Amino acid sequence: MEMITINSMPTHAPLPVTVLSGFLGAGKTTLLNHLLTNRDGLRIAVIVNDMSEVNVDAALVDLGGFDRTEEKLVELSNGCICCTLREDLVDAVGAIARQRTPDGRPRFDHLVIESTGISEPMPVAATFDWTFDDGSRLGDLAALDTMVTVVDASTFLGEIARGAGLAERGLGAAAGDERSIADLLIDQVEFADVVLISKLDLVSAAAGGAVEATVRRLNPRARVRPLARGEIALGEVIGTGLFDHDAASSVAGWDDEVIGGHTPETEEYGISSTAYRADRPFHPQRLLESLGEVRAVLRSKGFCWIASRPDLVGVWSQAGPNLTIEPAAYWSQVDGAPQQELVFIGVRLDAARMRALLDRALLTDDEVAEGPAAWVRYPDRLPAWNVPAHRH
């Protein structure tokens, strides 16, 4: 069958999608307005997932290429994997992607989604794996092209350091939303293909450099660009082809750091990282004591082994002052022997002191010799883990 093309793209190709993320006030809407007024002839459809003031021209509305979705959250559970998917976003994307001109061509060349300021990019990306009742996938109609995050240089590091909860600011997505702003900001950066740093004119060159250095440490694979007044070349955020499902699903940048990757230019601004490995478990009480002495760490992440919970892999995730350690699997279900494998990013981070603090929390030779039967009796004031029965 002969294939009709538009801009060298076959008509059956999925509609490419750019997702704009970023905390409230970072500049997403200003960026979106710039894209809509500098489209270079591209027919760009828009979905806005909040009540932003987007300047959408009448022609776009008439074409059905603008949709202001509501924040309708649907929780889906599949075993132990839980996520939130926006049901109305699925409907809106599908409807726009299916639109055709009278001669059967796709009505739009690109779709831009502006997500809410409190939205995490990963659930939005997961939306494109949605399967309709007829067995078709949303990803067959529309495919992610670029995940873009806008970072406010004037507030980014301060918000991470404070670690305030969204609920404290009246920003929770729903009752019981316990997320911290630091977690949200870091999630938005780590999942991005492109990070745009706005409001650099409001901070000193050194402060702006520290923000950029932190972003590059958090996500070494992302393109990082300054953003002034929302102005950016169209090709930086549209039609990049940068989204990589496998890379996005992994812990961006952390694997590189663990195997010895390094970005020394960020140390000019006092931002550095260090990896920590050990082949014996942490004593739970001594770990708490060591953590009480940790300073200047913006982000840490990885896997850990707690002696009082000897069979379980712990997932370690810290943003600003907030640290969580949760169960991931049984060590018998993973490749390799139990171990500690952590990466820390901080401001003027003292790597030697960090290692000494963590080494102090490890079991001694005598404690190792006692074995798990003794370990499980150690005093353990870490938060309890709820391990589903089917993980056994």
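The coordinates are above.
Predicted model, so just to flag it, every value in this text is computed and none were measured. Residue positions are given per chain, counting from 1 as you read along its sequence in written order. Since the coordinates come from a predicted model, pLDDT governs what is reported: local features require at least 70, and pairs of side-chain atoms require 80 or more to be given and counted, while whole-chain, interface and lining totals use all residues. Side-chain calculation: all heavy atoms of the structure are included, whereas hydrogens and water are not.

1. Here we look at the overall build of the chain
- The secondary structure listing takes helices from DSSP runs of H or I that are at least 4 residues long and strands from runs of E that are at least 2 residues long, numbered from the N terminus. Helix and strand counts for the chain come out as 14 helices and 16 strands.
- Each residue gets one of three labels from its accessible area relative to the maximum for its type: buried under 20%, exposed over 50%, partly exposed in between, using a 1.4 Å probe on protein chains only. Among the 392 residues that make up the chain, the fraction classed as buried is 49%.
- In this analysis, two residues are considered to be in contact whenever any of their non-hydrogen atoms come within 4.5 Å of each other. Summarising the internal contacts of the chain: among those between residues at least 6 apart in sequence, 73% fall at separations of at least 24.
- We get accessible surface area from the Shrake-Rupley algorithm with a probe of 1.4 Å; when it comes to residues, only the shown protein chains can shield them. A total of about 18600 Å² of accessible surface is found on the chain, and carbon and sulfur atoms cover 52% of it.

2. Quick notes on the side chain of Ser-180
- On the secondary structure map, Ser-180 appears in the loop between helix H6 (156-162) and helix H7 (181-190).
- What makes Ser-180 buried here is its relative accessible area of 5%.
- Definition of a polar contact: a pair of N or O atoms within 3.5 Å, with one able to donate and the other able to accept a hydrogen when the atoms are protein atoms, and with sequence-neighbouring residues admitted only if both atoms are side-chain atoms. Of note is the side chain of Ser-180, whose polar atom sits 3.0 Å from the side chain of Asp-183.
- At 3.2 Å, the side chain of Ser-180 forms a polar contact with the side chain of Asn-322.
- When near neighbours in sequence (up to four residues on either side) are disregarded, Ser-180 contacts Gly-163, Ala-164, Gly-165, Leu-166 and Asn-322.

3. Some details on the sheet that holds strand E16 (residues 340-347)
- DSSP bridges decide pairing: two strands pair if at least two such bridges lie between them. Taken in spatial order, the five strands line up as E12-E16-E13-E14-E15 in an open sheet, and their pairing is antiparallel. Each edge of the open sheet is held by one strand with a lone partner, namely strand E12 (271-278) and strand E15 (322-330). The average angle at which neighbouring strand axes cross in this sheet is 15 degrees, direction not considered.
- As paired elements, strand E14 (residues 312-319) and E15 share eight bridges and run antiparallel to each other. Among the inter-strand pairings, Trp-316 is bridged to a residue of E15, identified as Ile-325.
- Sitting on the sheet, H7 touches strand E13 (297-304), E14 and E15, and the angle it makes with E13 is about 75 degrees.
- Each of E12, E13 and E16 is contacted by helix H12 (residues 351-361), which is oriented at about 30 degrees to E12, the strand it contacts most. To obtain each axis, a line is fitted to C-alpha atoms, and for helices this fit is confined to the stretch in contact; angles are then taken between N-to-C directions over 0 to 180 degrees.

4. Looking at the pattern of salt bridges
- Here a salt bridge means any side-chain nitrogen of Lys or Arg lying within 4 Å of a carboxyl oxygen belonging to Asp or Glu. This structure, assessed with the given rule, holds 21 salt bridges.
- Between Glu-190 and Lys-301 there is a salt bridge, with its nearest N and O atoms 3.5 Å apart. Here Lys-301 lies in strand E13 and Glu-190 lies in helix H7, a separation of 111 residues in the sequence.
- Since its relative accessible area comes to 9%, Glu-190 is described here as buried.

5. Observations concerning the environment of Arg-229
- Along the chain, Arg-229 falls in the loop between strand E11 (223-227) and helix H9 (245-249).
- For the pair Arg-229 and Lys-199, spaced 30 residues apart in sequence, the C-alpha to C-alpha distance is 8.1 Å.

6. Brief notes about H7
- Judged by how many residues are buried, H7 sits mostly within the fold: eight of ten residues are covered.
- For H7, every residue scored as buried is listed here: Ile-181, Ala-182, Leu-184, Leu-185, Ile-186, Gln-188, Val-189 and Glu-190.

7. As for the side chain of Arg-309
- Within the fold, Arg-309 resides in the loop between E13 and E14.
- The buried category is assigned to Arg-309, whose relative accessible area is 13%.
- A polar atom in the side chain of Arg-309 sits 2.9 Å from the side chain of Asp-380.
- With residues near it in sequence (within four places) discarded, Arg-309 still touches Asp-380, Leu-382, Pro-383, Ala-384 and Trp-385.

8. A look at the packing of aromatic side chains
- Ring pairs shown here join Phe, Tyr and Trp side chains whose ring centres sit within 6.5 Å, with only the six-membered ring taken for Trp; geometry is labelled stacked below 30 degrees between planes, edge-to-face above 60, and tilted in between. Scanning all chains against the criterion turns up four aromatic pairs.
- The residue whose ring lies beneath Arg-309 is Trp-385, and the NZ or CZ to ring-centre distance is 4.6 Å. Whether a charge sits over a ring depends on NZ of Lys or CZ of Arg being within 6 Å of the ring centre and within 35 degrees of the ring normal.

9. Quick look at H12
- By the burial criterion, the buried members of H12 are Met-354, Leu-357, Leu-358 and Ala-361. Buried positions in H12, seen along its axis, are confined to an arc of 90 degrees and lie on one side of it.
- Along its buried surface, H12 packs onto E12, helix H11 (284-291), E13 and E16. In this context, the arc is that of the directions from the helix axis out to the C-beta atoms.

10. Comments concerning the nonpolar core
- Among buried residues, the Ala, Val, Leu, Ile, Met, Phe, Trp, Tyr and Cys ones that are joined through side-chain atoms within 4.5 Å form a nonpolar core. If you look at the biggest cluster of nonpolar residues, it comprises 27 residues, and the most contacted ones within it are Phe-23, Phe-156, Ile-160, Val-189, Val-195, Val-211 and Val-215.
- Counting residues per element, the ones that place at least two in this core are H6, H7, strand E10 (194-198) and helix H8 (205-218).
- As used throughout, domain bounds are those supplied by an automatic or database domain assignment. Residue-level mapping places this core at the junction of two domains, with at least three residues from each of domain 1 (15-248) and domain 2 (270-376).
- When sequence neighbours within four positions are dropped, the list of residues in contact with Val-215 reads Phe-156, Val-189, Val-195 and Val-224.
- Grouped together as the second largest cluster of nonpolar side chains are 25 residues, Leu-15, Phe-132, Met-147 and Phe-243 included.

11. Structural notes on the pairing of strand E4 (residues 44-48)
- For E4, a buried count of five out of five residues is recorded, marking the element as mostly surrounded by other parts of the structure.
- Where burial is concerned, the two faces of E4 agree: the one with Ile-44, Val-46 and Val-48 and the one with Ala-45 and Ile-47 are both buried.
- Relative to strand E8 (residues 110-114), E4 runs parallel, the two sharing five bridges. Across the sheet, the residue bridging to Ala-45 is Leu-111, located in E8.

Just distances and angles here, no functional claims.
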